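A closer look at the structure
Below, each chain spelled out in residue letters.
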Amino acid sequence: AKKLMKYLVVGLGNIGPEYELTRHNIGFLVLDRLADQKNLSWESNRLAFTCLFKHKGRQLHLIKPTTYMNLSGKAVNYWMKTLKVPKENVLVVVDDLALPFGKLRLKPKGSSAGHNGLKNIEELTGGQNYARLRFGIGDDYPKGKQIDYVLGRWSQEEIDTLPIYMDKTIEMITAFSTIGLEKTMNQYNK
């Protein structure tokens, strides 16, 4: 029997209602939307909320780390090992200040660019060689106000258009698991 291809899709965020609609939580928001669309229910598991999404003979294990952002790597490392998912099948959905709002970029690897969640994943999984789907949150904040901006809530204008970009992100997640990284990048990184 052919082994079922397993993928680990990690949405980054902070747990707790006060963080729910903040820019830093886009990873959680995207996976919540995917779970809603597919009628999946989250289970509270070790270091993360988890659910399983089956797509075209692939198993996509979705996780939302419950460790808080700066310890996200603990959850990623644990679930990679527990589920025996190779690093090339890991995809992290993350907010990115360097991209304009709603701009999406899939990258095979890269630096954490000061992002605490990515930094910790890098430290605990041994390097920068994991795919990440960067969701642009823009950088429309005054000097010195970066943290307030990142942990701030989306504007109403952004909330109105978020679903479009979130659905595009979900398309990219499923493409990553079926047509692979290169083709997904070519198709979507416009």
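Up top is the structure these notes are about.
The following paragraphs examine the structure supplied in this document. Fair warning: this is a prediction, and the values are worked out from it, not measured in the lab. (Residues numbered from 1 in each chain as written. Predicted model: local features only at pLDDT ≥ 70, side-chain atom pairs only at ≥ 80, totals over all residues. Heavy atoms only, no water.)

Core analysis: the biggest nonpolar cluster contains 34 residues, and Ile26, Leu62, Leu133 and Ile173 have the highest contact counts within it. Ranked by the residues each element gives to this core, the list is headed by helix H5 (residues 156-178), at 7 residues. For Leu133, the residues in contact, after removing those within four places along its chain, are Leu91, Val92, Val93, Val94, Leu104, Arg105, Leu106, Thr169, Met172 and Ile173. Counting 17 residues, the second largest nonpolar core, distinct from the first, contains Val10, Ala48, Val90 and Tyr130. (Core = buried A, V, L, I, M, F, W, Y, C linked by side-chain atoms within 4.5 Å. Buried < 20%, exposed > 50% of the residue type's maximum accessible area, 1.4 Å probe, protein only. Helix = DSSP H or I, 4+ residues; strand = E, 2+ residues; numbered from the N terminus. Contact = heavy atoms within 4.5 Å.)

Right, let's get into unusual backbone geometry. A positive phi angle, close to 45°, is found at Lys56, a residue other than glycine. Mapped onto the fold, Lys56 is located in the loop between strand E3 (48-55) and strand E4 (58-65). Using a relative accessible area of 64% as the deciding quantity, one classes Lys56 as exposed. One non-glycine residue, Ala113, lies in the positive phi region at around 50°. Along the chain, Ala113 turns up in the loop between strand E6 (104-107) and helix H3 (116-125). Given the relative accessible area of 71%, Ala113 is considered exposed.

The subject of this paragraph is the pattern of salt bridges. All chains considered together, the criterion is met by 5 salt bridges. The salt bridge involving Lys64 is made with Asp32; its shortest N-O contact spans 2.6 Å. Separated by 32 residues along the polypeptide, Lys64 in strand E4 and Asp32 in helix H1 (residues 26-37) bring together distant segments of the chain. Put simply, Asp167 and Arg33 hold a salt bridge, and the shortest N to O gap is 2.6 Å. Residue Asp167 is located in helix H5, and its partner Arg33 is located in helix H1; the two are separated by 134 residues in the primary sequence. (Salt bridge = Lys/Arg side-chain N within 4 Å of Asp/Glu carboxyl O.)

The buried fraction of strand E1 (residues 5-11) is high, at 5 of 7 residues. The pairing of E1 with E4 spans 6 bridges and is parallel. Bridged to Leu8 within E4 is His61. Relative to strand E5 (residues 90-96), E1 runs parallel, the two being bridged by 4 bridges. Along E5, the bridge assignment pairs Val10 with Val92. (Pairing = 2+ DSSP bridges.)

In short, geometric facts, not functional conclusions.
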